[in-house]
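Chain residues, written in single-letter form:
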Amino acid sequence: MLQAVGALASDATRKRRGSPAEVQQIRALKRAGVGPVEIARRLGVSRMTVWRKLREMEAHN
């Protein structure tokens, strides 16, 4: 039972983090001068996801 709950929790966490390819796409589009709203539309993710990823990137630099 606990393993099943753990597996679900790790799946949810993985989904929230986004794939490394998605992060790379966000970074590339931002460098190209594309705004966060347009990035979200192109990638099919929420605007909040894009804003969150951009904030995380800035914090790491």
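Residues numbered from 1 in each chain as written. Predicted model: local features only at pLDDT ≥ 70, side-chain atom pairs only at ≥ 80, totals over all residues. Heavy atoms only, no water.

A.B. asks: Pulling in residues and values, what's your account of helix α4 (residues 47-60)?
C.D. replies: Residues lying three or four places apart along an α-helix face the same way, a consequence of the helix completing one turn every 3.6 residues. For α4, built from 14 residues, the straight-helix expectation of 20 Å at 1.5 Å per residue is met to within 8% by its first-to-last C-alpha distance of 20 Å. Buried within α4 are the following residues: Thr49, Val50, Lys53, Leu54 and Met57. Considered in projection along α4, the buried side chains sweep an arc of 130° and stay on one side of the axis. Those residues of α4 that are exposed and aimed more than 90 degrees away from the buried face are Arg47, Glu58 and Ala59. (Helix = DSSP H or I, 4+ residues; strand = E, 2+ residues; numbered from the N terminus. Expected span 1.5 Å × (residues − 1). Buried < 20%, exposed > 50% of the residue type's maximum accessible area, 1.4 Å probe, protein only. Arc of directions from axis to C-beta.)

A.B. asks: I'd love a proper account of the pattern of salt bridges, names of residues and values included.
C.D. replies: Under the counting rule described, the total for this entry stands at 3 salt bridges. Close ionic contact of Arg41 with Glu38 constitutes a salt bridge, the shortest N to O distance being 2.5 Å. Residue Arg41 and its partner Glu38 are both found in helix α3 (residues 36-43); the two are separated by 3 residues, about one turn of the helix. Of the residues examined, Glu38 reaches a relative accessible area of 27% and is grouped as partly exposed. Put simply, Arg42 and Glu38 hold a salt bridge, and the shortest N to O gap is 3.1 Å. Placement of the pair is Arg42 and Glu38 together in helix α3, with a separation of 4 residues, close to one helical turn. Connected through salt bridges with shared partners, the residues Glu38, Arg41 and Arg42 form a single ionic network. (Salt bridge = Lys/Arg side-chain N within 4 Å of Asp/Glu carboxyl O.)

By themselves, these are just geometric observations and shouldn't be taken as functional.
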